[in-house]
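Close look at the chain arrangement
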Amino acid sequence: MNEMLKNTIKLTRFTLRKERTFITAWVALLLFIAAVMLTAFENQFTPEELQGLLIMKENPAHIALQGPFFAVDTFQVAHFYAVEMHLFTLIAVSILNIFLVMKNTRGDEESGRYEVLRSLPIGRLAAFHATMITALIVNISLALSHGILLSVLNISGITTAGAFTYGASLAVTGIFFAALSALLSQLSHSTRAVTGYAFLVLIASYLLRAVGDVTSEPLSLISPFGLPLRAEAFVSNRLWPFSIMLISAFSLFCISYFLNARRDIGQGLLPELQGRNYASVFLKTPLGLVWRQNRSTLLSWAIGLFCFGAAFGGILLDAEHFAGENGAFQMLIRASADFSTIELFTMFLNVGFAIVCIAPVLVLIFKALHEEKEGRAEPLLSRATSRPHYLLSFVALAFFASLLMPFVTIAGMWFVSSLMMETPLAFAQTLHSMMVYVPALQIMLGLGIFIIGVAPKASVLCWIYFTYIFIIGFFADLLNMPSWAINLSPFSHIPQLPLDDMRLFPLLTLSAAAIILAALGVMFYRKRDLIV
């Protein structure tokens, strides 16, 4: 066994060094969100307003979306944060571990890096074991950093025990999904397929918890998301759910090691599906190939954002209560007597929806860079396919996503809210107030194309700008950001319908800027060298 794990420690150091930027960015972002949200809640709500928010525990849609309320004598900021953010943080930690493990197991095999490692004097399981140790270190770091941060913030309702219980819940969930990803990485030869399996399990776990929290608690106890919530962080701080999660993770780890030691490198345990003998005419075009490669990604994002919108549609009935507890919102209502509380609340939601829709647009346009880095673009471009034609195939798919994602998000919200409201919102007006943000999305698309053409190795700048826009959109008021900083976001120039008058000039200006950026990107892409 020692021979099979030879040089594991050196490979662990190598993996930590290789992934240091990825890990640091995720951990820092999670800590930043926790600090900002807790501070915002502490400053925004009075004790009386927090007690009033308990009305949400009577809303099944809110429970299905964000988890159950646990009985407390006094509802404090810590308890409200646990209700609003705990589940979503668990999901974020799960995604972190899925990507970390997949990238360093199946991803390394698919790209050929694992074969190079195996040519060195290392054990058969050393690289796999190093990835598991790395995941363990990352999750323990998450637990300790969150426990320390929450302990020193001086937020009402947070005790040291509660802070570290919250951190431990993140760690055990991350370890479980790291083990699950390690097992799934043994099934298929394709990173894309295995990642799809992992996200299917993640979505199924979320839905199982949602059904369990609303109808039958035993279902929540078998969900990887329902069980950590039963630790009741900041309330009873139970530890038994963590034991079950760790035992389950250890079992998955053992099965993964057993399978990894017995399968061939680059192969999966599941048989590959056989495709057609001959390609269709559409598939023989660059656009057809790009569509075939990325249609699952597009569909997954569309389904996810439809559910995201639907979840907020379920809590739309509580809009009047939120307004009643928020003085700024009350002032807005008094100044806008022509619109209902729900219409104005929807206006605020639209900004958040539109910003979230940036992510799939950037993911799809940067698939062009991914294909280039993996060496799959070069054989295609060596044939009778021009560079602009090839890049424009990705542009067409991302442009379609910039129209589809806002549509499905608002459709999900409208569909669920119409089932629950006596007088549903007008679909045409609701859709119009959302689709007006499309030019801002296309600015991000144009920026992505420009980066691909001019500085492909600086694509992280787009994601940094996306993070900035996210902070502006969600936390600008709470952070008292100056107007010039807010105006750096393209979304700040979009009229907020129905409160604002429709203004075509900023929309046309944003669209023109997006076209110019895209044209420059395509022009420079035609001239630059491929990434090697």
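Data block above holds the structure.
For the structure given in this document, a descriptive report is provided here. (Residues numbered from 1 in each chain as written. Predicted model: local features only at pLDDT ≥ 70, side-chain atom pairs only at ≥ 80, totals over all residues. Heavy atoms only, no water.)

1. Description of the overall build of the protein chain
When its secondary structure is counted, the protein chain shows 26 helices and zero strands. When each of the 532 residues of the protein chain is scored for burial, the buried share is 51%. Counting contacts in the protein chain only where the partners sit at least 6 residues apart, residues at least 24 apart contribute 77% of the total. For the protein chain, the accessible surface area stands at approximately 25000 Å², while carbon and sulfur atoms represent 66% of it. (Helix = DSSP H or I, 4+ residues; strand = E, 2+ residues; numbered from the N terminus. Buried < 20%, exposed > 50% of the residue type's maximum accessible area, 1.4 Å probe, protein only. Contact = heavy atoms within 4.5 Å. Areas by Shrake-Rupley, 256 points an atom, 1.4 Å probe, with all protein chains shown as cover.)

2. Examining the nonpolar core
Residues F41, Y81, L150, I158, F225 and F234 are the most contacted members of the largest nonpolar core, which totals 72 residues. Secondary-structure elements contributing two or more residues to this core are α2 (20-44), α5 (77-104), α8 (126-152), α9 (160-184), α10 (191-214), α12 (226-229) and α13 (240-260). At 17 residues, α5 tops the list of elements feeding residues into this core. Sequence-distant contacts of F41, that is, excluding residues within four places in its chain, are made with V77, F80, Y81 and M85. The next biggest cluster of nonpolar side chains, apart from the first, holds 61 residues, and it includes A354, L362, A368 and L391. (Core = buried A, V, L, I, M, F, W, Y, C linked by side-chain atoms within 4.5 Å.)

3. What about the environment of W463?
Along the polypeptide, W463 turns up in helix α24 (residues 460-475). Looking at W463, the relative accessible area reads 29%, which means it is partly exposed. In the structure, W463 is positioned 15 residues away from G448 in sequence and 9.5 Å away in space, judged by C-alpha atoms. With residues near it in sequence (within four places) discarded, W463 still touches A359, L362, V363 and F366.

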